[in-house]
Each structure stands twice: as structure tokens, then as C-alpha cells.
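Each chain, written out:
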Amino acid sequence: MDLVIRNASLPDGRRAIDIAIEDGRIAAVGPALPVQGAQEIDAAGDLVTPPFVDAHFHMDATLSYGLPRVNASGTLLEGIALWGELKPQLTQDALVQRALQYCDWAVARGLLAIRSHVDICDPRLLAVEALLDVKRQVAPYLDLQLVAFPQDGILRSPGAFDNLKRAIAMGVDVVGGIPHFERTMADGAESVRLLCEFACERGLMVDMHCDESDDPLSRHIETLAFHSQRLGMQGRVTGSHLTSMHSMDNYYVSKLLPLIREAGVAAIANPLINITLQARHDTYPKRRGMTRVPEMLAAGIPVAFGHDCVMDPWYSLGSGDMLEVAHMGLHVAQMTGQQAMHECFLAVTETPAAILGLDGYGIAPGCHADLLILDCSSTVEALRLRAARRLVLPRGKIISEAPRASARLHLPGRPETVNFRLGR
């Protein structure tokens, strides 16, 4: 064997497990495996997990905060306007360099798969070319999936549909949309139909920014579910954001959730951004804005969490840490039970991996040996501590290391070292 990891705790609760790796894949998983590896790592009871997956991001905009100016109001619409001001100033080289820097941050935090939306409303398609280049460069260690995203509306922006078709022909993976940003509700519904039919014809997945609004009458997710079912696209369609659901009345939602489940549509919430951008017109009481995550999970709808933005026109913070995303998600969704917190961990690992259709993801024989060793012993503890990523191993090769989290104290009569996982 090339590598054996000993004495690991796994996300499903198993303890004292060994993982044998050969030729970049997991060869065996079990207690006290009778094998030897050219290299052996003692996990010492720490959590070994498949890597983090970000199901919703905007890599073309990342690390552009302050260009050409700062979003003074902090609103979604000013962020869109700022991006429109920045687009004519973009260069392919700058886009590539910022994206590569972010990918470095991501890998160091154990984030090895990202679905990034890329704006196709600029007819030059500079961002598309740049991120396709980045995708090729990072392919040995990071799976970058691209969504053709018409930021200004597929019908509202002249030439956007042609640009989207060109982007797909260039190698972009997924069809995107933004129906709530079209000029009318009718145009929004028509955009969903057009884009779903286009994706169906080409056998592509769909991931739409859907109802990113505080308006409870923004109900394009219903239309998306209808066309997903009509076209037989179950399991290939995702609605992202869905923040209007936060403001919908309960009777309508009781009808909507079964429709989404029956249509095989997945959902992606973006906790950091949803609660920052939504409800800006509220005084008090002030809505949190994030979609109904616990209710969707209870209805059998797959729900993932996305980072969405890092240091861009919409959000001045962020670091590529999906544990921070999940940590915020469990708080705002009030998912503080043990099983609920575990589901929040799955919302940045297994669930988005399934939504993206990642091949060979998991900890089982035959899976890719894409693994993290975290400075904690369980998924809940990982969230509590935003645990340090001790080792990041794509295909069983160490590419990032970090020390355990501890501090040296100099207090009379107190321990010299505090381990933040175990306490004093």
C-alpha cells in the first residue's frame, strides 16, 4: 500500500478505523487492517473526512473587493451595479491570478471541489476563458465546476442567451439563470423554461439563482420544479438561494416543498451572504433571510451550503472556510440538535458532492483518496471549533499541513498549554 491512515474517527461515528490507499484510491477501510503502507499516518483519533465541497461560489468576482469602489450600502443591488462597473475593466490575467490565489486558500482549508458561477453577459467572455484556464491548472488537486451565469438576466441582457450557448460550447459545465432579475415575473418564468429546455437537449445540469429576494411572491422555484419534472431532469436541477421562501406564508410552503421533492430539485443556501444581503428594507422585527433549511431537509430535499462570495462587491469578508459557512448556517437555521448539526456538516461535504455529481467521493473502497484529517474527533466538534485542517490529501498525497490548535499560557497555577479541542 502507498499509504495507511491508522486510528481514524469517521463522520458516520465509527472509531479506531484504518484507511489503506493505493494508486490514489481507497483500497480498504476497517479496524486494525492487516496491511502495511510505504507511509503510515497515525490520526490519533482525529476526524478523517472526505474534503469540503462548495456548491455555490463566484470565482470570477473573488478578491475584487474595493474595485472600482466599495459597496457603501452593502446591498445586493449595489453589488450587482458595482460588478457592472467593474466588468469593462477586467483583464484575463487579473481574473486568473485572483482565482488561483483563492484556490490556494481553498486547498489549505480542505476545500477540494467548487461549483463556481461565471458571468456570461460580457460578450468578450473574458471571465469564462479565465476560469476555464484556472480549471485546467488546478485540476490535479481541485475539482472546479463552472456554471454559465447570466448575471444581468438571460432575457433582460441583449445577447445573453447567445453568450451562454457560446460558454457551454467552450466547456462550461452547467446552465445557470436568474429569473427573479428579469424585468417581469412572466419573463422570469419564460427564462426558466428556455434554460431548462436548452439544458435538457444537451444533457446538462441546471443551477439557477432563484428567488434571491425578500418578496414572498417571487415563486420561480415552483416553475423550476415544474420544468424539472416535465422534462425528466430529476437529480440534475438545483435552486440556489431561495431566500423568498423565508418570507412566504406557511400554507403555500406546505404545497411547495412536496413539489420540489417530487421534481428531484436540490437546494443550496448561502448562510453568510443570505443573512447579510437580505432584509435590508426591514426595520424591526428584522428577517434573517435564509431559506427554510430544516423544513426542506425534513421534506426529503437535498440541501447544501455555499460560500457564495469572498472579498467581492457583495461581501467584504470570507476566507474559503466551509466550516465557517456551516457554523453560521446552523446558527441562523437554529439547527443546534446533535443530528441537526451533523446534517450541517454534511451540507458542506456529502450533500454538495452528490449535487455536483462528483465521481468517487467518500470513504469506501474504490473511492478517490481525497481526505482531510481535522483537529477534532467528530463532525459536531469540527463545527464547534472550525477545526484546523491537520492534513489535506487529494489522491492520498499531502499538499497542505497545519498544526493542532493550542496556546501557551503563562498564568500562575494554571496549565502551560491549552488544547482547544479538549479544554484544560
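Report on the accompanying structure. (Residues numbered from 1 in each chain as written. Predicted model: local features only at pLDDT ≥ 70, side-chain atom pairs only at ≥ 80, totals over all residues. Heavy atoms only, no water.)

Some thoughts on the overall build of the protein
Then step 1. Looking only at helices and strands, one finds 13 helices and 18 strands in the protein.
Then step 2. Taking 424 residues into account, the globule formula puts the C-alpha radius of gyration at 22 Å, and the protein, at 22 Å, falls close to it.
Then step 3. The C-alpha extent of the protein, read off along each of the three principal axes, is 65 × 50 × 45 Å.
Then step 4. For the protein, buried positions account for 57% of its 424 residues. (Helix = DSSP H or I, 4+ residues; strand = E, 2+ residues; numbered from the N terminus. Rg over C-alpha atoms; globule rule 2.2 N^0.38 Å. Buried < 20%, exposed > 50% of the residue type's maximum accessible area, 1.4 Å probe, protein only.)

Looking at the packing of aromatic side chains
Then step 1. Per the counting criterion, the structure on display carries 5 aromatic pairs.
Then step 2. With a centroid separation of 4.5 Å and 15° between ring planes, the pair formed by F57 and Y102 is classed as stacked. Pair noted here: F57 is in strand 6 (residues 52–57) and Y102 is in helix 2 (residues 92–108), with a separation of 45 residues, a long-range link. Both residues of the pair, F57 and Y102, count as buried. (Phe/Tyr/Trp six-rings, centres within 6.5 Å; stacked < 30°, edge-to-face > 60°.)

Quick word on the side chain of R6
Then step 1. Within the secondary structure, R6 sits in strand 1 (residues 3–8).
Then step 2. The class for R6 is buried, based on a relative accessible area of 18%.
Then step 3. Not counting chain neighbours up to four residues away, the residues in contact with R6 comprise I17, D18, L33, V35, Q36, E40, I41, D42, A43 and A44. (Contact = heavy atoms within 4.5 Å.)

Things to note about the pattern of salt bridges
Then step 1. Across all of its chains, the model carries 22 salt bridges by this definition.
Then step 2. Between D119 and K87 there is a salt bridge, and its shortest N-O distance comes to 2.7 Å. With D119 in strand 7 (residues 111–119) and K87 in the loop between helix 1 (76–86) and helix 2, this pair connects stretches of sequence that are 32 residues apart.
Then step 3. Given a relative accessible area of 5%, D119 falls into the buried group. (Salt bridge = Lys/Arg side-chain N within 4 Å of Asp/Glu carboxyl O.)

Section: the environment of V53
Then step 1. As for its placement among the helices and strands, V53 is situated in strand 6.
Then step 2. The exposure class of V53 is buried, given its relative accessible area of 1%.
Then step 3. Considering only alpha carbons, one finds V53 and D152, 99 residues apart in sequence, at a separation of 27 Å.
Then step 4. Ignoring any residue separated from it by four or fewer positions in sequence, one finds V53 in contact with L111, A113, F305, M322, V348, T349, P352, A353, L356, L358 and Y361.

A closer look at the pairing of strand 7
Then step 1. Here strand 7 lies mainly inside the structure; 9 of its 9 residues are buried.
Then step 2. The pairing of strand 6 with strand 7 spans 4 bridges and is parallel. Its bridge partner lying in strand 7, F52 is registered against L111.
Then step 3. With 7 bridges connecting them, strand 7 and strand 8 (residues 143–149) associate as parallel partners. In the strand pairing of strand 8, V118 is matched with A148.
Then step 4. The β-α-β motif built from strand 7, the intervening helix 3 (residues 126–138) and the parallel element strand 8 has right-handed crossover chirality. (Pairing = 2+ DSSP bridges. Right-handed = clockwise from strand over helix to strand, strands pointing away.)

Focus on the layout of surface pockets
Then step 1. The computed volume of the largest pocket comes to approximately 300 Å³.
Then step 2. Looking at the largest pocket, it is lined by 16 residues, and the ones nearest its centre are L76, L77, E212, S213 and H281.
Then step 3. The element contributing the most residues to the lining of the largest pocket is helix 1, with 3 residues.
Then step 4. Looking at the lining of the largest pocket residue by residue, the classes come out as 7 nonpolar, 5 polar and 4 charged.
Then step 5. Its volume calculated, the second largest pocket comes out at about 250 Å³.
Then step 6. Along the walls of the second largest pocket sit 16 residues, with L112, D143, H368, D370 and R395 positioned nearest its centre.
Then step 7. Tallied by class, the residues present in the lining of the second largest pocket amount to 10 nonpolar, 2 polar and 4 charged. (1 Å grid on protein atoms, 1.4 Å probe; cavity = no way out; pocket = protein on both sides within 12 Å on 5 of 7 lines; lining within 4 Å. Points joined across faces, edges and corners; volume = space filled by probe spheres on them. Nonpolar A, V, L, I, M, F, W, Y, C, P; charged D, E, K, R; others polar.)

Details of the sheet that holds strand 7
Then step 1. An order of 6-7-8-9-10-11-12-13 is seen for the 8 strands of this open sheet, with the pairing classed as parallel. Looking at strand neighbours, the two that pair on one side only are strand 6 and strand 13 (303–305), the edges of this open sheet. Each adjacent strand pair in this sheet contributes to an overall mean axis angle of 25°, direction not counted.
Then step 2. Sheet strands touched by helix 2: strand 6 and strand 7. Its angle to strand 7, the strand with the most contacts, is close to 150°. (Axes fitted to C-alpha atoms, helices over the stretch in contact; angles between N-to-C directions.)

Considerations on empty space enclosed by the protein
Then step 1. Taken as a whole and judged by the stated rule, the model has 3 cavities of 30 Å³ or more.
Then step 2. Approximately 110 Å³ is the volume attributed to the largest cavity.
Then step 3. For the largest cavity, the lining is made up of 14 residues, of which H58, L76, H209, E212 and W314 are closest to its centre.
Then step 4. Going through the elements one at a time, helix 1 and helix 8 (271–277) are the ones with two or more residues in the lining of the largest cavity.
Then step 5. Tallied by class, residues from the lining of the largest cavity come to 8 nonpolar, 4 polar and 2 charged.
Then step 6. Its boundaries defined by the atoms lining it, the second largest cavity holds a volume of some 50 Å³.
Then step 7. In terms of lining residues, the second largest cavity is bounded by W83, K87, L90, D119, D122, R124, L125, L126 and A127.
Then step 8. Looking at the lining of the second largest cavity residue by residue, the classes come out as 5 nonpolar, no polar and 4 charged.

Brief notes about the sheet that holds strand 15 (residues 389–393)
Then step 1. Strand order in the open sheet made by the 4 strands is 5-14-15-16, with antiparallel pairing throughout. If you trace the sheet from one side to the other, it starts and ends with strand 5 (47–49) and strand 16 (400–401), each paired once.
Then step 2. The pairing of strand 15 with strand 16 spans 2 bridges and is classified as antiparallel. Paired with L391 across the bridge in strand 16 is E401.

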